[in-house]
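Chain residues, written in single-letter form:
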Amino acid sequence: MMVRDGKTMEQNKQLIIAGLGYSGRAVAEAAVSAGWRVMGTSRQPGVVKAPPGVEVISFDAAGPAFAAASHWLITTPPDEAGDPVLRRHAAALASGKQRWIGYLSTTGVYGDRAGGTVDEATPPAPGQPRSQRRLAAEEAWRAARPSGAALDLCRVGGIYGPGRAPFAELRAGVARCVVKPGHSFSRIHRDDIAHAVMAAISNPPPPGCRVLNFVDDEPAESAAVIAEAARLLGMPPPPVVPFEEARASMSPMALSFWSENRRVANAATKAALGIEWLYPSYREGLAASLAED
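Residues numbered from 1 in each chain as written. Predicted model: local features only at pLDDT ≥ 70, side-chain atom pairs only at ≥ 80, totals over all residues. Heavy atoms only, no water.

1. Topic: the sheet that holds strand β2 (residues 37–42)
Part 1: Ordered by their spatial adjacency, 7 strands build an open sheet running β3-β2-β1-β4-β5-β7-β11, and the pairing between neighbours is parallel. Each having just a single partner strand, β3 (54–58) and β11 (208–214) make up the two edges of the open sheet. Taking the axes of each pair of neighbouring strands and ignoring which way they run, one obtains an average angle of 20° across the sheet.
Part 2: Examined bridge by bridge, strand β7 (residues 150–156) and β11 share 7 bridges and lie parallel to one another. Paired with D152 across the two strands is R210, which belongs to β11. (Pairing = 2+ DSSP bridges. Helix = DSSP H or I, 4+ residues; strand = E, 2+ residues; numbered from the N terminus. Axes fitted to C-alpha atoms, helices over the stretch in contact; angles between N-to-C directions.)

Now the structure itself:
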């Protein structure tokens, strides 16, 4: 049972974030604003510009910080050898101080569903090698979870937000409205990742593992998102380009995304966290991103 004195409450509000990238920084800023002590790891701590109030520590030397933290958020992707945090700092789990561990995975673990809907209870079936590595990392965290900690496997859709929206491409005249009938993507605004993580760490579930889908309420075709971004800029949308024509100039990475078609549901996630999204669709999220840009 948690002792509700000042010292113990402070000890239970220590968050360490493995990786201060685009999403990790947003979570760090939100956690500091909520009164958490926040540490973030980096391979190059002297280069990273951390949000105010966030202590940056070397990833390789972060063992004591992981051991002391009550809450862990893992944003770093796995490599060919597996999850780098478990590979380097699994021994820190022996401290027994962890109340919650969040792992930012990908909705890619669901694989191609030919346009069908998946939810939090859908068995994974990854088709892409990078998604297979993510699922392997999920399973490694399931196996490593201390008995007294909650583990949230957060499967994240396509991330966008300030600096990661189509506005620059539209202004430069290089954006395309690629159309593949019936093909939708599930997305999430960067700030809604932070919103959901804060809900999870502020009221973690009992020890165990749950799956959360970090996607907004409206899977949408790529062309619809481009058209809305153009409208917000007061520009006409780019001409429509059929996918079969556009694919010739796509990178292998882009082609891999277009090779899978699924609609990701989130009702169980929102119910578990007791939240609604700040940006329930790409419309609100694009408008907010443009305002912040």
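On we go.
2. Remarks on the pattern of salt bridges
Part 1: One pass over the structure, following the stated rule, counts 16 salt bridges.
Part 2: Close ionic contact of R133 with E80 constitutes a salt bridge, the shortest N to O distance being 3.2 Å. Placement of the pair is R133 in helix α5 (residues 129–144) and E80 in the loop between β4 (71–74) and α4 (84–89), with a sequence separation of 53 residues.
Part 3: The salt bridge partner of D152 is R210, with a shortest N-O separation of 2.5 Å. Here D152, found in strand β7, pairs with R210, found in strand β11; they are 58 residues apart in sequence, far enough to count as distant. Across the pair, R210 and D152 agree in class, each one buried. (Salt bridge = Lys/Arg side-chain N within 4 Å of Asp/Glu carboxyl O. Buried < 20%, exposed > 50% of the residue type's maximum accessible area, 1.4 Å probe, protein only.)

3. Description of the nonpolar core
Part 1: Among the nonpolar cores identified, the biggest contains 30 residues, and L15, I17, L73, V197, F214 and L273 are the most heavily contacted of them.
Part 2: When contributions to this core are tallied by element, the ones reaching two or more residues are β1 (14–18), α2 (22–33), β5 (100–106), β7, α7 (190–202) and β11.
Part 3: Among the elements that line this core, the one with the most residues is α7, at 8 residues.
Part 4: Residues M39, A65, L153 and V215 belong to the second largest nonpolar core, which totals 26 residues. (Core = buried A, V, L, I, M, F, W, Y, C linked by side-chain atoms within 4.5 Å.)

4. Notes on the state of the cysteines
Part 1: Summed over the entire model, instances satisfying the criterion amount to 0 disulfides.
Part 2: C209 carries a free sulfur, and the closest cysteine sulfur to it, the one in C154, is 9.7 Å from it.
Part 3: A residue is classified by how much of its surface remains accessible, and C209, at 33% relative accessible area, is partly exposed. (Disulfide = S-S within 2.5 Å.)

5. Some remarks on α5
Part 1: Across its 16 residues, α5 extends 22 Å between first and last C-alpha, which sits within 8% of the 22 Å expected from 1.5 Å per residue.
Part 2: Those residues of α5 that sit buried are S131, R134, L135, A137, E138 and W141. Within α5, the buried residues cover an arc of 155° as seen down the axis, which keeps them to one side.
Part 3: On its buried face, α5 is in contact with β4, α4, β5 and β7. (Expected span 1.5 Å × (residues − 1). Arc of directions from axis to C-beta. Contact = heavy atoms within 4.5 Å.)

6. Side note on the packing of helix α8 (residues 222–233) against helix α12 (residues 282–292)
Part 1: With their axes 10 Å apart at the nearest point, α8 and α12 run at an angle of 40° to one another. When the axes of α8 and α12 are compared, the pair comes out oblique. The crossing of α8 and α12 is right-handed. Residues A224, V225, E228, A229, L232 and L233 of α8 touch α12, and the partners they reach there are Y282, R283, L286, A287 and L290. (Parallel < 35°, antiparallel > 145°, perpendicular 65-115°, else oblique. Left-handed = near helix turned anticlockwise from the far one by under 90°.)

7. What about the packing of aromatic side chains?
Part 1: All chains considered together, the criterion is met by 6 aromatic pairs.
Part 2: Among the aromatic residues, ring-to-ring pairing joins F66, W72, Y103 and W141 into one connected group.
Part 3: Positioned above the aromatic ring of Y22 is the side chain of R190, whose terminal nitrogen or guanidinium carbon lies 5.4 Å from the ring centre. (Phe/Tyr/Trp six-rings, centres within 6.5 Å; stacked < 30°, edge-to-face > 60°. Lys NZ or Arg CZ within 6 Å of the ring centre and 35° of its normal.)

8. Examining α12
Part 1: Within α12 the residues assigned to the buried category are Y282, G285, L286 and S289. Buried residues of α12, viewed axially, fall in a sector of 100°; they line one side.

9. Considerations on the packing of α2 against α7
Think of two packed helices as two axes; the pair is described by the angle between the axes and how far apart they sit.
Part 1: At a minimum axis distance of 8 Å, the contact between α2 and α7 shows a crossing angle of 50°. The orientation of α2 with respect to α7, classified from their angle, is oblique. For the pair α2 and α7, the crossing hand works out as right-handed. For the pair formed by α2 and α7, the contact residues are Y22, S23, A26, V27, A30 and A31 on the first element and R190, D191, I193, A194, V197 and M198 on the second.
Part 2: For the contact of α2 with α7, a count of residues per class yields 9 nonpolar, 1 polar and 2 charged. (Nonpolar A, V, L, I, M, F, W, Y, C, P; charged D, E, K, R; others polar.)

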